[in-house]
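Close look at the chain arrangement
Single-letter residue listing:
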Amino acid sequence: STCLGWETTLATCLRAEMMNKIVVVMLYAGVAAVVCMALLTGADVLGRYAFNKPVQGGVELVELLMGIIVACGVAVTTAADDHISVDTVFAKLPSFGQHILRVFAGIICTFVFAMLAWQGFNGGIDGVDSRKATSILKVPISPFQFFLAIGFLVSFMFLLIQTILLFRTKKR
């Protein structure tokens with residue numbers, strides 16, 4: 001078992017392993033999207049300048065792939081607790097002040113990602129209902145909206161766990 005250090009029960013350990021598997025899936029999906037985008041962009045540039053025939057709908061596909069990359073990148077970064085932060089003021093605070101600031105930021109971020117996931121799912125449902133599609137290739141947009149919402153939901157779950165763990169930790 002490859003549980004993290006904070007698990008105390010078998011059930012908690014199994015949930016942590018499931019969350020880790022979700023992160024691995026998001027990581028590979030993000031990498032696959034980046035590779036597809038690079039190949040598509042390369043083919044588009046080669047086709048445009050070498051043969052005067054760009055990839056039809058290439059820009060649309062890159063935009064859709066970008067949604068996958070954002071969803072996966074945010075989820076993986078949140079799971080690793082590796083977001084960029086500016087610690088100019090943070091470093092000058094005592095450890096208790098730093099802890100309070102972490103808890104406050106955790107609560108705000110958890111709330112924001114809950115709202116993003118909720119609105120993302122609403123956007124996906126609206127996309128299904130209205131049959132939104134890209135203008136050139138007519139690719140349905142809703143699956144990509146749902147994927148983005150799933151990425152935000154994964155981020156929300158990790159932020160919630162991280163914030164709860166911050167509440168359990170007592171700093172003086």
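How each quantity is defined
Residues numbered from 1 in each chain as written. Predicted model: local features only at pLDDT ≥ 70, side-chain atom pairs only at ≥ 80, totals over all residues. Heavy atoms only, no water. pLDDT = per-residue confidence, 0-100. Helix = DSSP H or I, 4+ residues; strand = E, 2+ residues; numbered from the N terminus. Phe/Tyr/Trp six-rings, centres within 6.5 Å; stacked < 30°, edge-to-face > 60°. Buried < 20%, exposed > 50% of the residue type's maximum accessible area, 1.4 Å probe, protein only.

**Examining the confidence of the model for the protein chain**
Summarising the model, the protein chain shows a mean pLDDT of 88, and 90% of its residues fall at 70 or more. In the model of the protein chain, helix 1 (residues 10-50) stands out as the element of lowest mean pLDDT, 88, in contrast to helix 2 (residues 58-79), which has the highest, 94.

**Focus: the packing of aromatic side chains**
Across all of its chains, the model carries two aromatic pairs by this definition. Their ring planes at 40 degrees and their centres at 6.1 Å tell us that Phe121 and Phe146 sit as a pair that is tilted. Placement of the pair is Phe121 in helix 3 (residues 95-130) and Phe146 in helix 4 (residues 142-168), with a sequence separation of 25 residues. Phe121 sits in the partly exposed class, given a relative accessible area of 28%. Given the relative accessible area of 24%, Phe146 is considered partly exposed.

**Focus: unusual backbone geometry**
Trans is the common state for peptide bonds, and a negative phi is the common state for residues other than glycine. Look at Asp81: it is not a glycine, yet its phi comes out positive at around 50 degrees. Checked against the element boundaries, Asp81 lands in the loop between helix 2 and helix 3. Positive phi outside glycine occurs at Lys138, with the angle close to 60 degrees. Residue class for Lys138 comes out exposed when judged on its relative accessible area of 55%.

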